[in-house]
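Single-letter residue listing:
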Amino acid sequence: TIAYTSFFRLKNVYDEIRKSKRKFIIKEDHVSLKDIFYSIFYCFRLFKIKITSKKKYNIDFSILIENDLKKLTGSNIAIEGFINYFFFKNISIKNFDIKLVINWWENQSIDRGLCYGVKNFFPNTSLVGYLGYVPRKNEIQLFPTKNEYKSNVIPNIISVIGKSVVKSIKTLNKNQKVNIAPAFRYQHLYNKNRKKLNKKILLVALPITFNDTNQILKQILSCD
């Protein structure tokens, strides 16, 4: 998936991939214009969904559900999820043989589309979801439910980077298979040569958002 790339640079990116000595499969080469239009216009299908009264603890949540659907928040991710589904559907027709699929997994629409495609069209393929960071408690989508698993939108196995994460992933589905994998994202911390310094070192944990990080660094640098 080509992420965080300007639309006007996409052609250059794809050209580089095609010229690479490493072998890549480009999803868009196996997705038709019909598939793309179906994915893009999914938002119009959302408006046709009628939400009946959904009560829990004597509270009607149907209005919240309906508003959330029609806000179209994260629509670009949902579109990519459809593209993933059609990609696996189309390559199954071309008799591709896939032994293993590893998905950078955060249980978002993009991941669910991928999982649904693999499980429907490659049922014998091993599907692993890799969660490469420690989940925050408010990221409730990272705790998959039994219904999600039955709906074929959850990987067979979810790989996490530490023992402490295993229990939290199983919060809503005790039968979910979870194993431990290396923390590849943080491997560089162990590869660097550690030099002894005669200075005190201050560790600052920065957030993922660029603007917040920039502001924090400015405040730190302004300190005497």
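Residues numbered from 1 in each chain as written. Predicted model: local features only at pLDDT ≥ 70, side-chain atom pairs only at ≥ 80, totals over all residues. Heavy atoms only, no water.

Caption draft 1: Looking closely at the overall build of the protein. Each helix and strand in the protein was counted, giving 10 helices and six strands. Principal-axis analysis of the C-alpha atoms places the extent of the protein at approximately 65 × 60 × 40 Å. Per-residue burial over the protein gives 30% buried out of 224 residues. For the protein, the distance from the average position of its 39 positive side-chain charges to the average position of its 16 negative side-chain charges is 7 Å. (Helix = DSSP H or I, 4+ residues; strand = E, 2+ residues; numbered from the N terminus. Buried < 20%, exposed > 50% of the residue type's maximum accessible area, 1.4 Å probe, protein only. Lys, Arg positive; Asp, Glu negative; His and termini not counted. Charge placed at Lys NZ, Arg CZ, Asp CG, Glu CD.)

Caption draft 2: Unusual backbone geometry, seen in detail. Positive phi values are uncommon outside glycine, yet Y57 reaches one of about 55°. Here Y57 shows up in the loop between β1 (55-56) and β2 (59-60). The exposed category is assigned to Y57, whose relative accessible area is 70%. For N58, which is not glycine, the phi dihedral falls at a positive 65°. With respect to the element layout, N58 can be found in the loop between β1 and β2.

Caption draft 3: Spotlight on the pairing of strand β6 (residues 177-180). Where strand β5 (residues 157-160) and β6 come together, four bridges link them in parallel fashion. Looking at the pairing, I158 lines up with V178 of β6. With helix α8 (residues 163-169) bridging β5 and the parallel β6, this β-α-β connection has right-handed handedness. (Pairing = 2+ DSSP bridges. Right-handed = clockwise from strand over helix to strand, strands pointing away.)

Caption draft 4: Just the packing of helix α2 (residues 33-40) against helix α5 (residues 75-93), in detail. Where α2 contacts α5, the axes come no closer than 8 Å and their chain directions differ by 150°. If you check the angle between α2 and α5, you find them roughly antiparallel. Like other packed secondary-structure pairs, α2 and α5 cross with a definite hand, here right-handed. On the side of α2, the interface is formed by D35, I36, Y38, S39 and I40, while α5 contributes I79, F82, I83, F86 and N90. (Axes fitted to C-alpha atoms, helices over the stretch in contact; angles between N-to-C directions. Parallel < 35°, antiparallel > 145°, perpendicular 65-115°, else oblique. Left-handed = near helix turned anticlockwise from the far one by under 90°. Contact = heavy atoms within 4.5 Å.)

Caption draft 5: Region of the structure containing the pattern of salt bridges. Throughout the structure, instances matching the rule amount to five salt bridges. With its nearest N and O atoms 2.9 Å apart, the salt bridge here joins R18 to D29. In this pair, R18 is assigned in helix α1 (residues 10-19) and D29 in the loop between α1 and α2, connecting sequence segments 11 residues apart. On the accessibility criterion, D29 (42% relative accessible area) is partly exposed. R112 is the salt-bridge partner of E148, the closest N and O atoms lying 3.2 Å from each other. (Salt bridge = Lys/Arg side-chain N within 4 Å of Asp/Glu carboxyl O.)

Caption draft 6: Layout of the packing of aromatic side chains. Tallied over the entire structure, the rule returns 13 aromatic pairs. Residues Y38 and F82 carry aromatic rings whose centres are separated by 6.0 Å and whose planes lie at 80° to one another, so their mutual orientation is edge-to-face. With a gap of 44 residues between them, Y38 in helix α2 and F82 in helix α5 connect regions that are remote in the sequence. Classification of Y38 by relative accessible area gives partly exposed; the value is 41%. (Phe/Tyr/Trp six-rings, centres within 6.5 Å; stacked < 30°, edge-to-face > 60°.)

Caption draft 7: Broad picture of the pairing of β5. Summarising the sheet, strand β4 (residues 126-130) and β5 pair through three bridges and their orientation is parallel. In the sheet register, G129 faces β5, and the bridge partner there is I158.

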